[in-house]
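Summary of structural features
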Amino acid sequence: MALNYIWAALFILGFLIALLRWIFEGDAVMADIVQSTFDMSKMGFEMCLGLTGTLTLWMGILKIGEDSGLIARLARFLSPVLTKLFPDIPKGHPALGSIFMNVSANMLGLDNAATPVGLKAMQELQTINPDKQTASNPMIMFLTLNTSGLTIIPVSIMAYRAKAGAIDPTDVFLPLLLTTLCSTIVGLLVCSAYQRINLLNRYILALLGGIAVFVAALFSFIIGMTNGQVQDFCRVLTGILILGTIMIFICSGAIRRRNVYDSFIEGAKGGFHVAVTLIPYCVAILVAVGVFRASGGLQLLQDGLVTMVDKMGINSDFVGALPVALMKPLSGPAARGMMLDCFSHYGPDSFVGHLASILQGCTDTTFYILAVYFGSVGIRRYRYAVTCGLCADIAGMIAAVFISYFFFS
């Protein structure tokens, strides 16, 4: 519903602003608006086709991990942590495996691949929910972790940046890892406070400690490097993680004597389907954004924000990417459209282009996820789920701005 209002408002406001400019300034921008509809629809179609290969590859790899039992074994390995974060889920319940698969897909940056698994997890959680119309504690914790969007390999965003012509599409890897780590920790703390979950547990502390050591090691390694050296390091580390993940999944299937090729093909078919189904959504929002920009409306909004920020004595370079942050909690396609618009207007390798990429990946679409996931199982009372999700969103957005200044200013 939120996307419906956003989409209509962009068209209506764009038309009204163009009409007012024609009346008071004699500035005929209607031709620019018409041209933008053709340009942006073509751009949206080409962007989605460019994603086909990436989604096909990674959904195929995930399917190998599922069929080989690797994902199930990893879920059992992490069960001490999962059972502490989800104390109301019985040990060995299939919901834990689905939750792990969903989080794994999100960590690989496969937002759309994570959705089917997430819906399956919600259905399994609903079977142990005592009140079928009210969100249970495990559901809220699961969606908080889901919306906070912890990402290790931002596959989709790197694919969009590559399609947009970025010199190094992987240079957002480390900034996105740090940003999503901030949003996830804040979301986890807020949700745990509501549910009175004691995070001072040896398993949880061991996991958080391991993550902290990893991040500290990364920072200690890059401190003193030039910007170019940092980007070279990120490129090498990203390559190791991506290729290492693929090899681990394939080797696991081969060792278990699974037909890894057939498993990959079966999963890859789903990736192609997801990429194709994205086309109408991407085209719709990009055309709306193009109309609003061509009318001068987006520039007016940004100029007002720049003036306000400058009066506060704050560097206003980040304002160009702010529409991505404003749209992200409401709609993934809308935020994606804003990110692509930043690429086309500022360039993917500009500061705004980098920040837009990080804002796009710093959290997930809170309101969309809550509506779809809760709606799929008939939940009507969300309790404190929105609060937890928005706290994670705000933390991620603030972290994205500061981290982008550190890496790309």
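Read on for an overview of the structure. Quick caveat, the model's predicted, so the values are computed rather than measured. (Residues numbered from 1 in each chain as written. Predicted model: local features only at pLDDT ≥ 70, side-chain atom pairs only at ≥ 80, totals over all residues. Heavy atoms only, no water.)

**A word on the overall build of the protein**
- A tally of regular secondary structure across the protein gives 18 helices and 0 strands.
- Looking at the protein residue by residue over its 409 residues, the buried ones come to 54%.
- In the protein, of all internal contacts separated by at least 6 residues, the share reaching a separation of at least 24 is 80%.
- About 18300 Å² of surface is accessible on the protein, with carbon and sulfur atoms providing 68% of the total. (Helix = DSSP H or I, 4+ residues; strand = E, 2+ residues; numbered from the N terminus. Buried < 20%, exposed > 50% of the residue type's maximum accessible area, 1.4 Å probe, protein only. Contact = heavy atoms within 4.5 Å. Areas by Shrake-Rupley, 256 points an atom, 1.4 Å probe, with all protein chains shown as cover.)

**A short note on the nonpolar core**
- In this structure, Leu 174, Phe 318, Val 324, Met 339, Leu 340, Leu 355 and Leu 359 are the most contacted members of the largest nonpolar core, which totals 57 residues.
- Those residues in contact with Val 324 that sit more than four places away from it in its chain are Ala 335, Met 338, Met 339, Cys 342, Ala 356, Leu 359 and Gln 360.
- In this structure, Leu 82, Ile 99, Ile 140 and Leu 199 belong to the second largest nonpolar core, which totals 32 residues. (Core = buried A, V, L, I, M, F, W, Y, C linked by side-chain atoms within 4.5 Å.)

**Structural notes on a nonpolar patch on the surface**
- Residues Ile 12, Phe 15, Leu 16 and Met 30 make up a contiguous nonpolar surface patch of about 370 Å² in total accessible area.
- Considering every element that reaches the nonpolar patch, the biggest residue donor is helix H1 (residues 2–25), with 3 residues.
- Within the secondary structure layout, Met 30 lies in helix H2 (residues 30–68).
- Judged by its relative accessible area of 34%, Met 30 falls in the partly exposed class. (Patch = residues over 30% accessible without salt bridge, like charges linked within 9 Å, V, L, I, M, F, W, Y side chains within 5 Å. Salt bridge = Lys/Arg side-chain N within 4 Å of Asp/Glu carboxyl O.)

**Things to note about the packing of aromatic side chains**
- All told, the structure shown has 4 aromatic pairs when counted by the stated rule.
- Centre to centre, the rings of Tyr 194 and Tyr 384 are 4.4 Å apart; their planes meet at 0°, and the pair counts as stacked. Of the two residues, Tyr 194 is situated in helix H9 (residues 173–195) and Tyr 384 in the loop between helix H17 (366–376) and helix H18 (385–408); the sequence distance between them amounts to 190 residues.
- A relative accessible area of 40% places Tyr 194 in the partly exposed class.
- Taking the relative accessible area as the measure of exposure, Tyr 384 reaches 9% and is therefore buried. (Phe/Tyr/Trp six-rings, centres within 6.5 Å; stacked < 30°, edge-to-face > 60°.)

**A short note on the pattern of salt bridges**
- Counted under the stated rule, the structure contains 4 salt bridges.
- Across the salt bridge formed by Arg 381 and Asp 131, the nearest N and O atoms sit 3.6 Å from each other. With Arg 381 in the loop between H17 and H18 and Asp 131 in the loop between helix H6 (111–126) and helix H7 (137–148), this pair connects stretches of sequence that are 250 residues apart.
- Judged by relative accessible area, which is 41%, Arg 381 ranks as partly exposed.
- Through salt bridges that share partners, Lys 63, Asp 67 and Glu 266 make up one connected network.

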